[in-house]
Each structure stands twice: as structure tokens, then as C-alpha cells.
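Close look at the chain arrangement
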Amino acid sequence: MSEFCIIGSGISGATIANLLNKKHSVILFDKARGPGGRASFKRIRGKTGFDHGSQYFSPKTKEFKKFIRVLIKKKILKVWGGKHIFLNSKKKENKKHLKIIGKNGNNDISKYLLKKINCNYLSELKKIYYKNKKWYLYFDDGKIRSFKNLILTCPFPQSKKLSRKFINNSFFDKSIKMDANITTMIAIKKNKKPNSSYFFEDPILGWAGNENSKKRFKSKYDLWTLQSTFNWANKKINQNKNNKKENSNIMIDKFFKLSDIKKTKIYYSFNHGWKYSSNSKPFRIKSYWDPEKKLGICADWLVGPRLESGWISAQDLFNKILR
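Residues numbered from 1 in each chain as written. Predicted model: local features only at pLDDT ≥ 70, side-chain atom pairs only at ≥ 80, totals over all residues. Heavy atoms only, no water.

What to know about the overall build of the chain
Summing up its helical and strand segments, the chain has 7 helices and 19 strands in all. Relative to the compact-globule value of 20 Å for 323 residues, the chain shows a C-alpha radius of gyration of 20 Å, a close match. Dimensions along the principal axes, computed over C-alpha positions, put the chain at roughly 65 × 45 × 35 Å. Residue burial in the chain is summarised as follows: out of 323 residues, 53% are buried. Look at the contacts in the chain between residues 6 or more apart in sequence, and 70% of them connect residues 24 or more apart. About 16,900 Å² of surface is accessible on the chain, with carbon and sulfur atoms providing 49% of the total. Side-chain charges in the chain split into 71 positive and 23 negative, and the spacing between the mean points of these groups amounts to 4 Å. (Helix = DSSP H or I, 4+ residues; strand = E, 2+ residues; numbered from the N terminus. Rg over C-alpha atoms; globule rule 2.2 N^0.38 Å. Buried < 20%, exposed > 50% of the residue type's maximum accessible area, 1.4 Å probe, protein only. Contact = heavy atoms within 4.5 Å. Areas by Shrake-Rupley, 256 points an atom, 1.4 Å probe, with all protein chains shown as cover. Lys, Arg positive; Asp, Glu negative; His and termini not counted. Charge placed at Lys NZ, Arg CZ, Asp CG, Glu CD.)

This is the structure we're talking about:
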């Protein structure tokens, strides 16, 4: 039996699993088809695809910068070059921050950290129960599994629903509203010299990234990932599954209107809604650990909206477990 069970394969889950696996046996479960969480890569065929979650990493802390440099040397990550167009006058662009991406996809960090971990995908956790110093986990396949140590890296609403009655302090008293995001992925006619990305000043469309500019693959089309603003997605996300085509068309029209790319045929498109994309208001602690029940929680929403926040939270939890 594995000593630690981790729920979630995003950067928090991958990081804490990698750290614990050096001295303990670890097993990981995720409801998705593969690793990455919010840094997922939607593969079309071969290496062709879209970073439809986190677009890039721009490390701020000394520790995360060091970690990123190691992965660049190992050729897991690389710098995203080209011309990035910043059109938002309400925010300042920090030109010193490099845009770091995965060599094959932005879930490359999770893949690297999880290569020695026993991972089980398409496994959704429905509820948990604690009895006789063991955690009993009920999955959507009807199976019940038990572990001594349990670590959740789910978004705030899911972590709260699963574990609130087993946490006896004010950890979940704070009200958090996680922002949503709607992503539209399109294939259009090749542009001779397309820019690498656009950051817009618009109430609907926030960002557009050119996947071809990441130089991972060759395609007869230009592939673009369009991401909405949080405010617009928060209003649309609950009905996005029913209104995918309408929402995507709105974002596509905005893209052609706001960028310098001439409107052209859409050869294919995909829509993905992130209901719990990020939390812009940090928690009062970086992670949670109950040494008696052996229950831990780490995730980006505890620290901030950046992907780096998930890594920081996992490092903090690992240090608490060591104590």
C-alpha cells in the first residue's frame, strides 16, 4: 500500500508527489486524461496542439527561478521568443520577465516531476471518509481505496466540499470566489509573419497566443489559443457547455477585430471552459497540514493566481510534513 495518496496532477500535485517520493511510496489520482492540471496541453495529432491553460511561466521568486533554470538546462523548458504585442494600457508590461514554455507542451513540468510516480488518470474522487486513522476514498468507478496520508490539490470549492468536515479550524471560513476562464482554440490560414502573442485591453478577450511561434511542430495552419477575461467568463461559464459555439464565435470575432490579422476561414476550433481558473486574493497560509489526521492541502489558490503559486504551496506543505 502506498504511504501517500495525492489528488491532482497539476504543478502542486506533481511537485509534492515528486518531493515525497524520494523517501515514501506515493500514488496519484486525477480525473483528467493526462497530467498538467491548469497547464494542460490539448494534443491534436503528433506534437501539434494548444496550450489551452497556462500560457507560459514567468518566474518571480528566487527559488522558482532556480528550479526553472534547471529544467531549461535539461531541455524540458525553453524561452518563447518572437514578438509579443502588449495592447493593455491599464496594466504595465514587465519586459524583463522571460516567457518560459514547455518544449513539447506546458504540462512538461508535471510530466517531468511525475515520471517516477504511479499515476492513475480518468479517476475522479467523489468523497472521502476518515476512520481508525485511515482515509477511505470513494471514486467514480465505484472502487474504495484506503491510505494513511491524503493530500488534496483540487480547486478551492472542490477541496472544501471534500474535506471541510474533517478540518477543525477556521481554514475554510474565508470566502473565496475563483475566477473562470473560457478558452477558444482555432486553426486559420497561415500568416507570413505572425506575432507570437497579443495581450488585449478588452472586456471580453484578454489574450491570444500563436502556438506555431513556440516552434514545437510544423502545421499547414496557424494555430491560435484565445483566452477570455475573467469578468466575461464569470458571467458565461455556467452555460458555456450549452453555448460553446456562440461564445467561441464572439471571441473569434474579437480576435480578428483587435489584432492585425485579416479575418479568414476557421478550419477547426475547440472550446474549453475553466470554471475554477485562478484566485487573485491569497490565503493567509501557503498550505495546510494536519499531523494527526495526516491530511494536507496545497494549491495555487492558497498563494495567488500564478502557476508558480502552486509550486510554492507544495514546497511549503512538504516542509510542514517533514516537521
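Considering the side chain of Asp 222
Its location among the elements puts Asp 222 in strand 16 (residues 221–228). Buried and unpaired, Asp 222 has no salt bridge, with Lys 190 as the nearest side chain of opposite charge at 5.0 Å. In this structure the side chain of Asp 222 is engaged in a polar contact, spanning 2.9 Å, whose partner is the backbone nitrogen of Asn 191. Contacts of Asp 222, omitting those with residues within four sequence positions, involve Ile 186, Ala 187, Ile 188, Lys 189, Lys 190, Asn 191, Pro 194, Asn 210 and Asn 212. (Salt bridge = Lys/Arg side-chain N within 4 Å of Asp/Glu carboxyl O. Polar contact = N/O pair within 3.5 Å; in protein donor to acceptor, adjacent residues only side chain to side chain.)

Points about the packing of aromatic side chains
All chains considered together, the criterion is met by 22 aromatic pairs. With 4.6 Å between their ring centres and 45° between their planes, Tyr 130 and Trp 135 make a pair best called tilted. Between Tyr 198 and Trp 224 the ring centres are 5.8 Å apart and the planes differ by 35°, which places this aromatic pair in the tilted class. Here the residue Tyr 198 occupies a position in strand 14 (residues 197–199), and Trp 224 occupies one in strand 16, the gap between them amounting to 26 residues. Here the two residues Tyr 198 and Trp 224 agree in accessibility, since each one is buried. When the ring centre of Tyr 138 is taken as origin, the NZ or CZ atom of Lys 127, which lies over that ring, is 4.8 Å away. The cationic tip of Arg 145 hangs over the ring face of Phe 139; the distance from NZ or CZ to the ring centre is 4.8 Å. (Phe/Tyr/Trp six-rings, centres within 6.5 Å; stacked < 30°, edge-to-face > 60°. Lys NZ or Arg CZ within 6 Å of the ring centre and 35° of its normal.)

Any link to function would need more than the numbers given here.
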